[in-house]
Amino acid sequence: MLMPPSKSPVMPAPEGEDLSRAEYAYVRIRQAIRDGNFKPGQRMRETELAEKFAVSRTPIREAIRRLSGEGLIEDVAGRGLAVTQFTVAQVRELYFLRAVLEGAAASQAAQFASPSEIKAMEEIHALSRSAVDQPGETARLNLHFHRAIHAAARNQYLTSALEQLADSLSLLPGTTFEVPGRAAVALNEHRDIIAAIKKHDVAKAEAAARSHIAMACDTRISMMFRS
């Protein structure tokens, strides 16, 4: 459940006309979900959200409508609105789409990446090697690595689709790098992706990225659903 209003910090309402209250509420609630401040399965009550973000219930209602459309909030029978909790099938669907998008990004990066962009990928990879025993830091660097590929792909629509997908992925608990041995294997997979991009091998870059995400999917499902 959300914290009682007396214990929950009040967020100031937006100033200026460039950001509507509905947009403000949407951005703040979505960020809170992505940051893990609202957990999967947690109830989302309009009155408590309005109190927390210092806006009326109308912009909160509009924000919830948008977030529901994006799959971040769901209507749970008998409980009302809550942050989405995923089934095995839904996790597989998410990772299937991620494999398609990351594969496309790697493919286009193999066509368009500049030497400096490839060097940046290699530098992130080197930093990741030194953080292999730190799941949180590895996850942070992993995000930077994939964003470097997205930038090198030179496709704003692909990047936008990947960012939207990241909102749903952010609801999954923890990081796959918490699984023993996964970080080292993932870094080898990153190495293969970089090598293919560096050689401008479009097919191999896409295949390496897709394989990488498929392995991440298997790890995630093992984490979440298998004892």
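This is a predicted model, so every value here is computed, not measured. (Residues numbered from 1 in each chain as written. Predicted model: local features only at pLDDT ≥ 70, side-chain atom pairs only at ≥ 80, totals over all residues. Heavy atoms only, no water.)

Caption draft 1: Molecular detail of the confidence of the model for the chain. Predicted confidence across the chain gives a mean pLDDT of 89, with 91% of residues reaching 70 or more. The spread of mean pLDDT over the elements of the chain runs between helix 1 (residues 21-34), the lowest at 90, and helix 8 (residues 182-198), the highest at 98. Scored below 50 in pLDDT, residues 1-18 shows 30 contacts in the model against residues more than four places distant or in partner chains. (pLDDT = per-residue confidence, 0-100. Helix = DSSP H or I, 4+ residues; strand = E, 2+ residues; numbered from the N terminus. Contact = heavy atoms within 4.5 Å.)

Caption draft 2: Main features of the nonpolar core. Ranked by size, the top nonpolar core spans 57 residues in total, and within it Ile 29, Phe 38, Ile 60, Ile 149 and Ile 197 carry the most contacts. Looking at which element gives the most residues to this core, the answer is helix 4 (residues 88-112), with nine residues. If we ignore the near neighbours within four places in the chain, the residues touching Ile 29 are Phe 38, Met 44, Leu 49, Phe 53, Ile 60, Ala 63 and Leu 67. (Core = buried A, V, L, I, M, F, W, Y, C linked by side-chain atoms within 4.5 Å. Buried < 20%, exposed > 50% of the residue type's maximum accessible area, 1.4 Å probe, protein only.)

Caption draft 3: Local environment of the packing of aromatic side chains. In this structure the tally under the stated criterion is zero aromatic pairs. One cation-aromatic arrangement involves Arg 66 over Tyr 26; the distance from NZ or CZ to the ring centre is 3.6 Å. (Phe/Tyr/Trp six-rings, centres within 6.5 Å; stacked < 30°, edge-to-face > 60°. Lys NZ or Arg CZ within 6 Å of the ring centre and 35° of its normal.)

Caption draft 4: Region of interest: the side chain of Ser 107. Assignment of secondary structure puts Ser 107 in helix 4. Residues contacting Ser 107, with those up to four places away along its chain left out, are Val 202, Ala 205 and Glu 206.

Caption draft 5: Broad picture of the pairing of strand 2 (residues 80-83). Here strand 1 (residues 73-76) runs beside strand 2; their pairing, made up of four bridges, is antiparallel. Residue pairing for strand 2: Ile 73 is matched across the bridge by Val 83. Connecting strand 1 to the next strand, strand 2, in antiparallel fashion are three residues, including Gly 78 with a positive phi near 85°. (Pairing = 2+ DSSP bridges.)

Caption draft 6: Quick look at helix 2 (residues 46-53). Of all eight residues in helix 2, six are buried; the element is thus mostly enclosed. Of the positions making up helix 2, those classed as buried are Glu 46, Glu 48, Leu 49, Ala 50, Lys 52 and Phe 53. Note on helix 2: the residue one or two positions beyond its end, Ala 54, has a positive phi of about 55°.

Caption draft 7: Spatial organisation of helix 7 (residues 156-169). Over its 14 residues, helix 7 extends 20 Å from the first C-alpha to the last, a length consistent with the 20 Å expected when each residue adds 1.5 Å. Taken together, the buried positions of helix 7 are Leu 158, Leu 162, Leu 165, Asp 167, Ser 168 and Leu 169. The inward-facing, buried residues of helix 7 abut helix 1, helix 4 and helix 6 (135-152). For helix 7, the side-chain oxygen to backbone nitrogen distance between the N-cap and Tyr 157 is 3.1 Å, and the N-cap itself is Asn 155. (Expected span 1.5 Å × (residues − 1). Polar contact = N/O pair within 3.5 Å; in protein donor to acceptor, adjacent residues only side chain to side chain.)

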